Amino acid sequence: MQKAPDSLLGTVSRSSDGVFLFRCYFPFMKKAALPLSDHCNGEIFINPPLPEDWQEAPRPQAWPDQPVPPRSAAQAGKKRRGIRPLTFLRWVISNILEKMPQNLEPDAPGNPHDVPEQGEAAVTFIGHSTFLLRFSLPEGGTLSVLTDPIFSERCSPIPFIGPKRFRPPAYQLADLPPIDDVLVSHCHYDHLDLPSLRALAQRDNPVVVTTAQTGDLIRKAGLSRVSELDWWQGVRIGDLEVVCTPARHFTQRGLTDAGKRLWGGFFLRFPKSPETPSVFFAGDTAHGPHWKEIGTRLGAPDIALLPIGAYAPRPMLRKVHTDPVEAVEAFRQLQARHGIPMHFGTFPLSQEPLGEPERCLRETAEWAGLAPDAFVPLGFGETRLLSR
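Residues numbered from 1 in each chain as written. Predicted model: local features only at pLDDT ≥ 70, side-chain atom pairs only at ≥ 80, totals over all residues. Heavy atoms only, no water.

Caption draft 1: Region of the structure containing helix α8 (residues 356-367). Taking 1.5 Å per residue, 12 residues should reach 16 Å; α8 reaches 16 Å between its end C-alpha atoms and fits that length. Taken together, the buried positions of α8 are Glu356, Pro357, Cys360, Leu361, Thr364 and Ala365. Looking straight down α8, one finds its buried side chains confined to an arc of 155°; they lie on one side. Among the exposed residues of α8, those pointing more than 90 degrees away from its buried face are Arg362 and Glu366. Taken together, the buried residues of α8 touch α7 (324-334) and β14 (338-342). At the C-terminal side of α8, glycine 369 shows a positive phi close to 80°. (Helix = DSSP H or I, 4+ residues; strand = E, 2+ residues; numbered from the N terminus. Expected span 1.5 Å × (residues − 1). Buried < 20%, exposed > 50% of the residue type's maximum accessible area, 1.4 Å probe, protein only. Arc of directions from axis to C-beta. Contact = heavy atoms within 4.5 Å.)

Here it is as structure tokens:
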């Protein structure tokens with residue numbers, strides 16, 4: 001496929017639906033001061049306040065939510081940036097002491113080299129939030145996109161300490177076809193893995209689309225063609241248009257960088273090939289009003305990749321991660337045609353048992369009246385061909 005030039009700023013334009021489109025930044029450009037917006041106070045990125053009429057997702061009786069303990073008046077008046085050290089330390093210790101069972105289920109049969117027909121997308125689940133997406137281009141050839149690639153054994157700044165996989169990637173990078181484009185939703189170690197990005201840089205040198213202020217990390221991995229996007233901004237790379245979408249999360253990679261980089265999802269579409277399925281990759285996010293706004297502004301996605309895991313304990317994680325009940329409501333609000341869950345069954349990031357996210361999703365989808373095949377997991381390594 002045609003790729004963006006190595007050092008191109010390009011022109012800024014606006015599409016018919018109001019999405020700003022632009023190209024890649026010069027690698028040597030200095031970062032501008034953070035612009036004021038509903039999700040940035042000029043110093044750090046923040047989650048916009050929930051509207052007064054906001055309602056939580058409806059829940060089946062079998063899966064009630066865990067209430068959040070009330071905060072004292074003193075606590076309510078404090079605005080704390082980043083992770084609370086004592087809470088984080090307790091969480092780390094509990095994950096170290098708890099022996100997570102190894103998931104020994106065999107990977108599902110699949111072929112990451114499958115070439116989809118015109119009007120189809122081939123979706124291969126590699127694990128966690130890593131998918132291989134393949135599309136047939138209208139003028140011939142196949143486009144391969146990799147989401148939040150992580151092939152490392154641990155998601156941690158230290159190779160021998162930190163959350164260790166209880167199942168390997170369904171495929172190693174060497175097993176995959178050449179990668180044209182990579183999406184990186186935010187800077188957390190289970191989504192932005194520098195060893196994996198270095199390997200991609202050496203093998204394929206793909207174009208990388210990421211969130212604002214995250215490009216410096218990616219360039220350190222040797223990738224020079226990087227486009228950083230704020231929410232609702234987009235970039236065109238050949239036939240593909242990628243729009244950055246809102247999410248409710250946070251970023252922190254060290255002790256002093258909380259909120260300095262943006263988080264988000266991505267909406268993929270092909271303006272010159274309307275029969276090609278659109279894909280929404282949610283990234284890492286809590287439940288919120290952004291689902292409906294994304295569907296309103298960009299249209300209903302044909303395929304929605306939505307997180308369902310790392311949600312327990314709920315009082316700690318409900319503001320940053322979606323549980324399966326909320327993912328079903330997100331699917332409904334997006335009005336997506338096909339739903340595929342992610343962010344489960346790979347790393348010990350939370351306290352829900354292995355297998356619970358998939359079981360909760362299945363029961364909630366049935367309770368909500370979804371079609372049996374509307375929102376179901378891919379097996380690890382499975383490739384599914386989907387159409388509009």
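Structure shown, so let's carry the discussion forward.
Caption draft 2: View of the pairing of strand β7 (residues 207-211). β7 sits mainly inside the fold: 5 of its 5 residues count as buried. Direction of pairing for strand β6 (residues 181-184) relative to β7: parallel, over a ladder of 4 bridges. Looking at β7, one finds that valine 182 is bridged to valine 208. In this region the chain leaves β6, passes through helix α3 (residues 194-203) and returns to the parallel neighbour β7; the handedness of that crossover is right-handed. (Pairing = 2+ DSSP bridges. Right-handed = clockwise from strand over helix to strand, strands pointing away.)

Caption draft 3: Up close: the packing of α7 against α8. In contact at an axis separation of 8 Å, α7 and α8 are set at 45° when each is read in the N-to-C sense. Relative to α8, the element α7 is oriented oblique. Where α7 crosses over α8, the handedness of that crossing is right-handed. Along its contact with α7, which presents Pro324, Val325 and Val328, the element α8 presents Pro357, Cys360, Leu361, Thr364 and Ala365. Looking at side-chain class alone, the contact of α7 with α8 contains 7 nonpolar, 1 polar and no charged residues. (Axes fitted to C-alpha atoms, helices over the stretch in contact; angles between N-to-C directions. Parallel < 35°, antiparallel > 145°, perpendicular 65-115°, else oblique. Left-handed = near helix turned anticlockwise from the far one by under 90°. Nonpolar A, V, L, I, M, F, W, Y, C, P; charged D, E, K, R; others polar.)

Caption draft 4: Structural context of unusual backbone geometry. Following alanine 312, the chain continues to proline 313 via a peptide bond in cis, the omega torsion being 5°. Structurally, the position occupied by proline 313 is in the loop between β13 (303-307) and α6 (314-317). The residue tryptophan 232 is not glycine, and still its phi comes out positive at about 75°. Turning to its location among the elements, tryptophan 232 is positioned in the loop between β8 (226-229) and β9 (233-237).

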